[in-house]
Amino acid sequence: MLTYFIPKRCKDASNRKENELLNRQDLANLLRCPETGNPLTGWNGTDAEATLRTACGRTYQVVDGIPNLLPDALRTAEAPEDSTAREKRSEMAARDAQVGSYDQMMGLKLFTSFEVPKTLAFLDLQPAHIMLEGGCGTGRMTPAFVDACSAMVCVDFSRESLRVAKTKLSPKQLEKVIFVQADLSMLPVASDVFDRVGSFGVYEHIPTVATRAGAIAHMARVCKSKAAGGRFSMSAYRWGFPQSLFSEREGHHGGGIYFIRLTQAELRADMEAHFKVEGFTESLLYYHLAWGHKK
Ligand SMILES: C[S@@+](CC[C@H](N)C(=O)[O-])C[C@H]1O[C@@H](n2cnc3c(N)ncnc32)[C@H](O)[C@@H]1O
């Protein structure tokens, strides 16, 4: 499924000296065309409006400082023929519509206070690291990650969620972060450049086995190897006691957001396609939380 995507090493970032800070132009240089994997030029990582271009003539717009690097099926087609693309567009619309209510959920606020320290421990995020957050949403956890590392690329396919996430960061924090509208199953960033790749509460919303596998493959592709110090961490809805008593295994949340709950064995097997799983906990009950190194 990755044949359309020609992995490109990013010399700039992979040759980065220890503790060398990346600025927003450096982060913009990591962006790639979602359809071909080719480099994109034309944006300095800061300007509110710009056009990103590939050498072969594809163009992508930056609007309000957020590049739209969605694949063609999600970027242009109003009513995609492909049922997976329709599921994703349905979630994009629902997430855009629900930005106001997501952060107000009382249960989520409480959960966040347990989840963030546990997640930071699994990520082992260090001040020199550059991190990719896959599915940052409204930035519920993003400020904690930004403060713990040197630079970040935050990806989500909901533009309104990205707009809200940006408002959660101070001007100083924003200097080392770019937000990108993109699909994790066709991740438009360079290969082997991130010290840390994290995706929390997202995987369970990716609608098919193939597109979930695509997201894991792409997150592995952009993560540095174990030898280079890379690490991946993710969480996903857990299927098991007590959820199995009162929840559905698979279905749709309000507004048309697909979800599936996974057993530990299922999530481990999905991750093990590309990662050696080194740590796994079910202590968050509602979610599995895991970390591993790229194989
Ligand atoms: C439940 S929210 C979690 C957001 C954030 N990680 C958090 O923990 O608060 C799931 C997020 O994943 C995003 N998402 C789901 N599928 C995605 C995909 N294929 N590509 C990019 N983002 C996706 C949604 O837009 C949404 O913002």
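Since we're looking at a predicted model, the values are computed, not measured.

**Description of the overall build of the protein**
What the protein contains, in helices and strands, is 12 helices and 12 strands. Whereas a compact globule of 295 residues would reach a radius of gyration of roughly 19 Å, the protein reaches 18 Å, a difference of no more than 12%. Taken over the C-alpha atoms alone, the protein extends approximately 55 × 45 × 40 Å along its principal axes. Out of the 295 residues in the protein, the part that is buried amounts to 43%.

**A few points about the environment of Leu-267**
Position of Leu-267 relative to the elements: it lies in helix H12 (residues 264–272). When the 26 C-beta atoms within 10 Å are taken as the criterion, Leu-267 is described as buried. Residues Leu-267 and Glu-204, spaced 63 residues apart in sequence, show a C-alpha to C-alpha distance of 9.9 Å. Not counting residues up to four positions away in its chain, the partners in contact with Leu-267 are Ala-236, Leu-262, His-288 and Ala-290.

**A look at the site of the ligand**
With respect to spatial proximity, 20 residues lie near the ligand, and among them Gly-135, Gly-137, Arg-140, Phe-157 and Ser-158 are the closest. With 3 residues, the single largest contributor to the shell around the ligand is helix H4 (residues 83–97).

**Quick look at helix H6 (residues 106–123)**
Spanning 18 residues, H6 covers 25 Å between terminal C-alpha atoms, matching the ideal 26 Å at 1.5 Å per step. Taken as a whole, H6 has its buried residues at Glu-115, Thr-119, Phe-122 and Leu-123. Where H6 is buried, its residues touch strand S7 (196–200), strand S8 (231–237), strand S11 (275–281) and strand S12 (287–294).

**A look at the sheet that holds strand S3 (residues 66–67)**
One open sheet holds the 3 strands; their spatial order is S1-S2-S3, and the pairing between them is antiparallel. In this open sheet, the two edge strands, each paired with only one partner strand, are strand S1 (50–53) and S3. Two strands pair when backbone bridges link them, and strand S2 (residues 59–63) and S3 are joined in this way by 2 bridges, in the antiparallel orientation. Across the sheet, the residue bridging to Val-63 is Ile-66, located in S3.

**What about the sheet that holds S7?**
Across the sheet, 7 strands lie side by side as S6-S5-S4-S7-S8-S12-S11; this open sheet has mixed pairing. Only two strands of the sheet have a single neighbouring strand rather than two, namely strand S6 (177–181) and S11. Pairs of neighbouring strands in the sheet enclose a mean axial angle of 20°, with direction left out of account. For strand S4 (residues 130–134) and strand S5 (residues 151–156), the ladder comprises 5 bridges, and the chain directions are parallel. Counterpart to Leu-132 in the pairing with S5 is Val-153. Taken strand by strand, helix H10 (residues 209–222) contacts S4, S7, S8, S11 and S12, and its axis lies near 155° from that of S7.

**Re the pairing of S8**
For a regular strand, side chains alternate in direction, first toward one face of the sheet and then toward the other. Most of S8 sits inside the fold, with 7 of its 7 residues counted as buried. Here S7 pairs with S8 via 5 bridges, running parallel. For Ser-199, the partnering residue across the bridge sits in S8 and is Met-234. Following the backbone out of S7, through H10 and into the adjacent parallel S8, one traces a crossover that is right-handed. In terms of strand pairing, S8 meets S12 through 6 bridges, oriented antiparallel. When the sheet's bridge partners are listed, Tyr-237 is paired in S12 with Tyr-287.

Reading guide: rules and limits
- Residues numbered from 1 in each chain as written.
- Predicted model: local features only at pLDDT ≥ 70, side-chain atom pairs only at ≥ 80, totals over all residues.
- Helix = DSSP H or I, 4+ residues; strand = E, 2+ residues; numbered from the N terminus.
- Rg over C-alpha atoms; globule rule 2.2 N^0.38 Å.
- Buried ≥ 20, exposed ≤ 12 C-beta atoms within 10 Å, placed from the backbone.
- Contact = placed C-beta atoms within 7 Å.
- Near = placed C-beta within 6 Å.
- Expected span 1.5 Å × (residues − 1).
- Pairing = 2+ DSSP bridges.
- Axes fitted to C-alpha atoms, helices over the stretch in contact; angles between N-to-C directions.
- Right-handed = clockwise from strand over helix to strand, strands pointing away.

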